[in-house]
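The primary structure of each chain is shown beneath.
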Amino acid sequence: MTEPTNYVPPAVWTVPTTAGGTFASINRPVAGPTHDKELPVGKHPLQLYSLGTPNGVKVTILLEELLAAGHTGAEYDAWLIRINEGDQFGSGFVDVNPNSKIPALVDRSGAAPQRVFESGSILVHLAEKFGAFLPKEGSARTETLNWLFWQMGSAPFMGGGFGHFYAYAPEKLEYPINRYAMETKRQLDVLDRQLAQHRYVAGDEYTIADMAIWPWYGWMVLGQLYNAAEFLSVHEYQHVKRWAEEIAARPAVQRGRRVNRVFGEPAEQLAERHDKADLD
């Protein structure tokens, strides 16, 4: 056991002068823009502003799957938002997403531009727009949305919880790492039990639920997230691994995970995407 700290919370919290951690330079307790910067606009009706993190990849996978399925109206421009440099606090980005988080989408196909923010909302918007990867009614639709919102509610404990304290915090603290490792493994077990009985997360059909869940839990069991596969014994989740490998083999997924990616192997990076030829 580590020794307990002597930290006692003050009566009124104030911003620390040295917060530490990977993202300390951009963290702040207020919303709104920090600087004026318009967003670029490309030639396609769908304008995506994002980064190739698990949340960002959800949307580029869907867009590439839609194009692969023949929905030509899903052509898109993907613009890079470097969150470590504070691009998400530019005035143009804040106009699209007042919460200053990627991904953010502007759909310019209608009479007036429609902003769409929060990854789950973007997935539903696009799936409904093109009538694909989300059942239109009944139990299948409800089950897909069950798992989509499971991801939205659960993954922050993996990312902002486990990922932060295990990979990004300025010091390793036993209590939060244990707390969030416990929760991450519980979530993986939830998913493993579901996938023991179904090919895909929501049943027999591939849906936006798979596209939302795979960049988090799929990457984890494939050893591509937080360098934590051994620590979390991800080999225990054989059904998740089977599913993750099947999704990873899809050509549209392989294309989508490259978009707005500026880390990892150079061959897997594509900072911006404006035409399908960019991924050739």
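Scroll up a little and you will see the structure.
Being a predicted model, the structure only gives us computed values, none of them experimental.

(A) Looking closely at the overall build of the chain. Scanning the chain from N- to C-terminus turns up eight helices and four strands. When its helices and strands are written in sequence order, the chain yields β-α-β-α-β-β-α-α-α-α-α-α. At 19 Å, the chain has a C-alpha radius of gyration in line with the 19 Å of a compact globule built from 280 residues. Counting every position in the chain, which comprises 280 residues, the buried fraction comes to 45%. Restricting to contacts in the chain with at least 6 residues of sequence separation, those with at least 24 account for 69%. About 14300 Å² of surface is accessible on the chain, with carbon and sulfur atoms providing 53% of the total. Within the chain, the 33 negative side-chain charges are centred at a point lying 2 Å from the centre of the 26 positive side-chain charges.

(B) Structural detail: the packing of aromatic side chains. Following the criterion strictly, the structure yields 11 aromatic pairs and no others. For the ring pair Phe133 and Tyr206, a centre distance of 5.9 Å and an interplane angle of 80 degrees mean the geometry is edge-to-face. Within this pair, whereas Phe133 is found in the loop between α3 (119-130) and α4 (138-168), its partner Tyr206 is found in the loop between α5 (174-195) and α6 (208-221), the two being separated by 73 residues in sequence. You'll find Phe133 and Tyr206 in the same group, each marked buried. Pairing Phe162 with Phe231 gives two aromatic rings, centres 6.0 Å apart and planes at 20 degrees, and the pair type is stacked. Here Phe162, found in helix α4, pairs with Phe231, found in the loop between α6 and α7 (238-248); they are 69 residues apart in sequence, far enough to count as distant. Among the residues examined, Phe162 registers a relative accessible area of 0% and is labelled buried. Among the aromatic side chains, those forming a connected cluster through ring pairs are Phe162, Tyr166, Tyr168, Tyr226 and Phe231. In this structure, Lys172 is placed above the aromatic ring of Tyr166, and the distance from its NZ or CZ to the ring centre is 5.4 Å.

(C) Spotlight on the pairing of strand β2 (residues 76-80). The element β2 is extensively covered by neighbouring structure, given that five of its five residues are classed as buried. Residues of β2 alternate between two faces, with Tyr76, Ala78 and Leu80 on one and Asp77 and Trp79 on the opposite face, all of them buried. Sheet analysis places strand β1 (residues 46-50) next to β2, joined by five bridges and oriented parallel. Residue pairing across strands places Ser50 opposite Leu80, the latter belonging to β2. In this fold, the crossover linking β1 to β2 by way of helix α1 (residues 54-68) has right-handed handedness.

(D) Spatial organisation of the sheet that holds strand β3 (residues 104-107). The four strands are arranged β2-β1-β3-β4 in an open sheet whose pairing can be described as mixed. At either margin of the open sheet sits one strand with a lone partner, and together these are β2 and β4 (114-117). The average angle at which neighbouring strand axes cross in this sheet is 20 degrees, direction not considered. Together, β1 and β2 form the strand contacts of α1, whose direction differs from that of β1 by roughly 150 degrees.

(E) Representation of the packing of α4 against α5. Two elements in contact, α4 and α5, have axes separated by 9 Å at closest approach and are oriented at 155 degrees. Of the possible angle classes, the one that applies to α4 and α5 is roughly antiparallel. The handedness of the crossing between α4 and α5 is left-handed. Across from Glu143, Trp147, Trp150, Ser154, Ala155, Phe157, Met158, Gly161, Phe162, Phe165 and Tyr166 in α4, the residues of α5 making contact are Pro176, Ile177, Tyr180, Ala181, Glu183, Thr184, Gln187, Val190, Leu191 and Gln194. Among the residues forming the contact of α4 with α5, the class breakdown is 14 nonpolar, five polar and two charged.

(F) Representation of unusual backbone geometry in the model. Backbone torsion omega between Ile102 and Pro103 reads 0 degrees, so that peptide bond is classified as cis. Mapped onto the secondary structure, Pro103 falls in the loop between α2 (91-96) and β3. Notably, Phe133 is not glycine yet its phi reads approximately 65 degrees, a positive angle.

What counts as what
- Residues numbered from 1 in each chain as written.
- Predicted model: local features only at pLDDT ≥ 70, side-chain atom pairs only at ≥ 80, totals over all residues.
- Heavy atoms only, no water.
- Helix = DSSP H or I, 4+ residues; strand = E, 2+ residues; numbered from the N terminus.
- Rg over C-alpha atoms; globule rule 2.2 N^0.38 Å.
- Buried < 20%, exposed > 50% of the residue type's maximum accessible area, 1.4 Å probe, protein only.
- Contact = heavy atoms within 4.5 Å.
- Areas by Shrake-Rupley, 256 points an atom, 1.4 Å probe, with all protein chains shown as cover.
- Lys, Arg positive; Asp, Glu negative; His and termini not counted.
- Charge placed at Lys NZ, Arg CZ, Asp CG, Glu CD.
- Phe/Tyr/Trp six-rings, centres within 6.5 Å; stacked < 30°, edge-to-face > 60°.
- Lys NZ or Arg CZ within 6 Å of the ring centre and 35° of its normal.
- Pairing = 2+ DSSP bridges.
- Right-handed = clockwise from strand over helix to strand, strands pointing away.
- Axes fitted to C-alpha atoms, helices over the stretch in contact; angles between N-to-C directions.
- Parallel < 35°, antiparallel > 145°, perpendicular 65-115°, else oblique.
- Left-handed = near helix turned anticlockwise from the far one by under 90°.
- Nonpolar A, V, L, I, M, F, W, Y, C, P; charged D, E, K, R; others polar.

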